[in-house]
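The lines below spell out each chain.
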Amino acid sequence: MLLNVLFLLLGIALLTVGGEALIRGSLAVAKRLGVSPLLSGLVIVGFGTSAPELVVSVNAAIDGQPDIAVGNVVGSNIGNILLILGVCALITPLAVKPTALRRDAVMVVAASLLFVVLVGGSALGRADAALFLGALAVYLVWAYWSERFHAAPSGELHQAEAEELSTVPKSLLGTVISVVLGLLLLIAGSQVLLLGAIGIAAYFGVPEAVI
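Residues numbered from 1 in each chain as written. Predicted model: local features only at pLDDT ≥ 70, side-chain atom pairs only at ≥ 80, totals over all residues. Heavy atoms only, no water.

Trainee: Before we move on, could you go through the packing of aromatic side chains and cite the residues and values that matter?
Mentor: Tallied over the entire structure, the rule returns two aromatic pairs. Above the face of the tryptophan 142 ring, arginine 103 is positioned so that its terminal group lies 5.9 Å from the ring centre. (Phe/Tyr/Trp six-rings, centres within 6.5 Å; stacked < 30°, edge-to-face > 60°. Lys NZ or Arg CZ within 6 Å of the ring centre and 35° of its normal.)

Trainee: Tell me what's going on with the environment of valine 168, and back it up with residues and numbers.
Mentor: Relative to the elements of secondary structure, valine 168 occurs in the loop between α7 (154-164) and α8 (172-204). When the C-alpha atoms of valine 168 and isoleucine 23 are compared, they prove to be 8.9 Å apart, with 145 residues separating the residues in sequence. (Helix = DSSP H or I, 4+ residues; strand = E, 2+ residues; numbered from the N terminus.)

Trainee: Requested: an account of the side chain of serine 190, with residues and values cited.
Mentor: Looking at where serine 190 falls in the secondary structure, it is placed in helix α8. Within the structure, serine 190 has its side chain in polar contact with the backbone oxygen of isoleucine 187 (distance 2.7 Å). If near-sequence neighbours (up to four positions away) are discounted, serine 190 is found in contact with Leu15, Val55, Val56 and Asn59. (Polar contact = N/O pair within 3.5 Å; in protein donor to acceptor, adjacent residues only side chain to side chain. Contact = heavy atoms within 4.5 Å.)

Trainee: Lay out helix α2 (residues 37-48) with the relevant residues and their values.
Mentor: Here α2 contains 12 residues, and its C-alpha end-to-end distance of 14 Å is more than 12% below the 16 Å for a straight helix at 1.5 Å per residue. Along α2, the positions that sit buried rather than exposed are Leu38, Ser40, Gly41, Leu42, Ile44, Val45 and Gly48. (Expected span 1.5 Å × (residues − 1). Buried < 20%, exposed > 50% of the residue type's maximum accessible area, 1.4 Å probe, protein only.)

Trainee: Lay out the packing of helix α3 (residues 51-62) against α8 with the relevant residues and their values.
Mentor: In the contact formed by α3 and α8, the axes pass within 9 Å of each other and the chain directions differ by 55°. With respect to each other, α3 and α8 are oriented oblique. In this structure, α3 meets α8 at a crossing whose hand is right-handed. Counted together, Ala51, Pro52, Val55, Val56, Asn59 and Ala60 of α3 and Leu186, Ile187, Ser190, Gln191, Leu193 and Leu194 of α8 form the full contact between these two elements. (Axes fitted to C-alpha atoms, helices over the stretch in contact; angles between N-to-C directions. Parallel < 35°, antiparallel > 145°, perpendicular 65-115°, else oblique. Left-handed = near helix turned anticlockwise from the far one by under 90°.)

Trainee: Mind laying out the nonpolar core, listing which residues take part and the relevant values?
Mentor: Counting residues in hydrophobic clusters, the biggest one holds 11 residues: Leu15, Leu22, Ala51, Val55, Val56, Ala60, Ile68, Ala69, Leu186, Leu193 and Leu194. Of all elements in the fold, only α1 (2-32), α3, α4 (66-91) and α8 reach the threshold of two or more residues within this core. With four residues, α3 is the largest single contributor of residues to this core. Not counting chain neighbours up to four residues away, the residues in contact with isoleucine 68 comprise Ala60, Leu194, Ile198 and Glu208. (Core = buried A, V, L, I, M, F, W, Y, C linked by side-chain atoms within 4.5 Å.)

The following block contains the structure:
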């Protein structure tokens, strides 16, 4: 049991370090390619922070553990909104511009409702996957178009996200190492985390989705 807990904690640590390295390396690549801070914040930082969940869920799906794949995503969203925002608001009041969050907040609610509707059939199939990915593509095009050509207030947030990470690799070698190391740590961390999570679930006799 103790070994499974250590695997779980080690997996989380590897995912954290790997995700951070991947984001910084990807931002360095974006700067070298002349990608705007707006697009970097919207895509690279946005997807980079979700990389640990992506790798864990994909590995779980490949290993035939759908409960962990789905539970990981749902638990992450709950943690992001209730835990992280709750803790930050305890530290200091969070002043926000409603207009800057309106589009993305509506998309979060819409995506969650779409998930609830589709998962009501007890399974997510390839047709559901196509719908999810199609909706994501539409959102990304819509978001970039509205911010690039209509100066949407949310654009300032996405640019700030990219500029917040000021420490990125300067050399080409450092950039490559950061990206490759980040990917390797994410893959290793997901495997170790899954090993610990499955072991803990088996020990307590609870569904994998709970873990």
